[in-house]
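# Understanding the architecture of this molecule
Below, each chain spelled out in residue letters.
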Amino acid sequence: MLHVRGRSVAWVPPLLLLIAIAVIDYHTTGEFRIISWIVLVPGIAAAICGVWGTAVFGVLSIITFTLADNAWPHEFQTGLPDFILVTAGGFLATLACAVRVRGERRALHLRDVADTVRRTVLRPLPPGWGGLEHAGVYLAADAGARVGGDFYDIQPGPYGTRVLVGDVQGKGLGAVETAAVLLGTFRETGFHEPELSVVAERLEERMLRHRNYTTALGRADGDRFATAVLLGFPADRPAVAGPGPGQPGASGPGTVEVVVFGHEPPLAVGPGGVRSLPVTGGLPLGLRELDPVPVRVHRLPLAADETLLLVTDGVTEARDAAGTFYPLAEDVARAVARDARAAEPARLAVVVRDGTLRHSGGHLNDDTTAFAVRRTGGPGPNASKGDVR
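This text gives an overview of the structure that appears in the document.

Definitions and cut-offs
Residue positions are counted from 1 within each chain, in the order its sequence is given. Totals for whole chains, interfaces and linings use all residues, but because this is a predicted model, local features are given only for residues with pLDDT of at least 70 and pairs of side-chain atoms are given and counted only at 80 or more. Think of the side-chain values as coming from all heavy atoms in the structure, minus any hydrogens and water. The aromatic pairing rule takes the rings of Phe, Tyr and Trp, using the six-membered ring of Trp, and pairs them if the centres are within 6.5 Å, calling planes under 30 degrees apart stacked, those over 60 edge-to-face and the rest tilted. Runs of H or I in DSSP of at least four residues are treated as helices and runs of E of at least two as strands, each being numbered from the N terminus. Each residue gets one of three labels from its accessible area relative to the maximum for its type: buried under 20%, exposed over 50%, partly exposed in between, using a 1.4 Å probe on protein chains only. The rule for a salt bridge is simple: a side-chain nitrogen of Lys or Arg has to be within 4 Å of a carboxyl oxygen of Asp or Glu. What makes two residues a contact is simply this: any of their non-hydrogen atoms within 4.5 Å. Between N-to-C directions, angles cover 0 to 180 degrees, with each direction set by a line fitted to C-alpha atoms, over the stretch in contact for helices. Note on terminology: angles under 35 degrees are roughly parallel, angles over 145 are roughly antiparallel, angles of 65 to 115 are roughly perpendicular, and the others are oblique. Put simply, Ala, Val, Leu, Ile, Met, Phe, Trp, Tyr, Cys and Pro go in the nonpolar bin, Asp, Glu, Lys and Arg in the charged bin, and everything else, Gly too, in the polar bin. Throughout, nonpolar core names a set of buried Ala, Val, Leu, Ile, Met, Phe, Trp, Tyr and Cys residues whose side chains join them through atoms within 4.5 Å.

## Describing the packing of aromatic side chains
How two aromatic rings sit relative to each other is given by the distance of their centres and the angle of their planes. Going through the model one piece at a time under the given rule, you end up with two aromatic pairs. Relative to Phe83, the ring of Phe65 lies with its centre 6.3 Å away and its plane at 40°, an arrangement referred to as tilted. On the criterion of sequence distance, the pair formed by Phe65 in helix α3 (residues 51–70) and Phe83 in helix α4 (residues 80–121) is long-range, its members being 18 residues apart. A relative accessible area of 2% means that Phe65 is categorised as buried. Ring plane angle 25° and centroid distance 4.6 Å describe the contact between Tyr152 and Phe371, whose orientation is recorded as stacked. Placement of Tyr152 in strand β4 (residues 150–157) and of Phe371 in strand β12 (residues 368–375) is noted, with a sequence separation of 219 residues between them. By relative accessible area, which is 12% here, Tyr152 ends up buried.

Set out below in structure tokens:
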């Protein structure tokens, strides 16, 4: 609002106030003088101008006050007390502006640091990365936060493309740290390991090691865990005959591999409607000792025009004023029925974002993430090279 065509016009309001006070004082007579109100000018400048601009308005206020107060010697003069007031006001306004500018610079620096952390945890993903059309929406429960415990990523590699979406229990920097730890492990193992089950095992091991580390430091978050969904889109190769969809042995371009760690199962959204993938089992990452069974990889058929929608509990647990949970599947199904293009990842992510905000009245109690992916028909230009950024 204080810029016109890229140029700052913050100096205009205090200048207009300075002129207005001088003109009004000129048209007053007798003992009613408002020239001492000119002390407001550097105060206004301190709120919207820079330090030097505020200092200039402080000096202009003193000069204008002196000239106006002495221009008519036969009329009432405010005299020395108000001159001291205007001088002190200009000086204090300049100091206040210096403090404000320093605080703004510090806030901008902290925002840059937070943005760097956000790009590390939720790194930008190129279009068509790993042969997947994708779109993600992240909304922080804290309006001032830039990143939280929700995370997602895509890692292409020689054995196909892997996708990870998850939610770390708790909030704060500890949750961000845990998300970064899991993503680092995913990016390495997702590229190098031929089997998705091994990637899942490495994530569990890394979570346990991180918990042991935080416990050794004496931190109170040593029992932290994370829910997640791990997807695998196998590299294009002839399908291998096997027991059938959903069982080990079924693999091919129309197949998706799914591992669930205590998370909401993905939704398959296509022009024909919405269906929940039939995946069960799996404790959250970090809780394997409660039920130490081998990781189960579900291999399921996926149509070429179907988009996989993965969300965190910020979506599924969003409530309206009556306490009713957000009906995600029903809302998405209605959107697809109205327009089949709503099944496209970019449109689908927007549908979930808008629906969550509308249902909750804009009041989010938890970080909210919606991530949608769909095959583009090829492995992508970087599928064999991995992430080189």
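## Looking at the pattern of salt bridges
The final tally for this structure, using the stated rule, is 14 salt bridges. A salt bridge links Glu133 to Arg374; the shortest N-O distance between them is 3.3 Å. Taken together, the residues span a long stretch of sequence, with Glu133 in strand β3 (residues 132–139) and Arg374 in strand β12 at a distance of 241 residues. The exposure class assigned to Glu133 is partly exposed, which follows from its relative accessible area of 29%. Arg374 gets classed as buried once you look at its relative accessible area, which sits at 14%. Among the salt bridges present, the one from Arg358 reaches Asp331, with a minimum N-O distance of 3.5 Å. Taken together, the residues span a long stretch of sequence, with Arg358 in helix α9 (residues 345–360) and Asp331 in helix α8 (residues 328–338) at a distance of 27 residues. Of the residues examined, Arg358 reaches a relative accessible area of 56% and is grouped as exposed.

## Some details on the side chain of Thr94
You can see Thr94 is positioned in helix α4. Not counting chain neighbours up to four residues away, the residues in contact with Thr94 comprise Val51, Thr54 and Ala55.

## A short note on the environment of Leu164
Position of Leu164 among the secondary structure elements: in strand β5 (residues 160–168). Once the C-alpha coordinates of Leu164 and Leu183 are considered, the two residues, 19 residues apart in sequence, prove to be 8.1 Å apart. Not counting residues up to four positions away in its chain, the partners in contact with Leu164 are Phe151, Tyr152, Asp153, Leu182, Leu183, Phe186, Leu203, Ala228, Val229 and Leu230.

## Observations regarding the packing of α3 against α4
Packing of α3 against α4 brings their axes to within 8 Å, and their N-to-C directions diverge by 175°. The angle between α3 and α4 places the two elements in the roughly antiparallel class. The residues of α4 that touch α3, namely those facing Val51, Thr54, Ala55, Gly58, Ser61, Ile62, Phe65 and Thr66, are Asp82, Phe83, Val86, Thr87, Gly90, Ala93, Thr94, Cys97, Ala98 and Val101. Here the contact of α3 with α4 is built from residues that sort into 10 nonpolar, seven polar and one charged.

## Quick notes on the nonpolar core
Judged by nonpolar contacts, the single largest core of 48 residues is most densely connected at Phe151, Leu230, Leu231, Phe233, Val258, Leu308 and Val373. Look past the residues within four positions of Leu230 in its chain and what remains in contact with it is Val163, Leu164, Phe186, Leu196, Val199, Ala200, Leu203, Glu257, Val258, Val259 and Phe261. One finds Val315, Val332, Val336 and Ala370 within the second-largest nonpolar core, a separate group that totals 18 residues.

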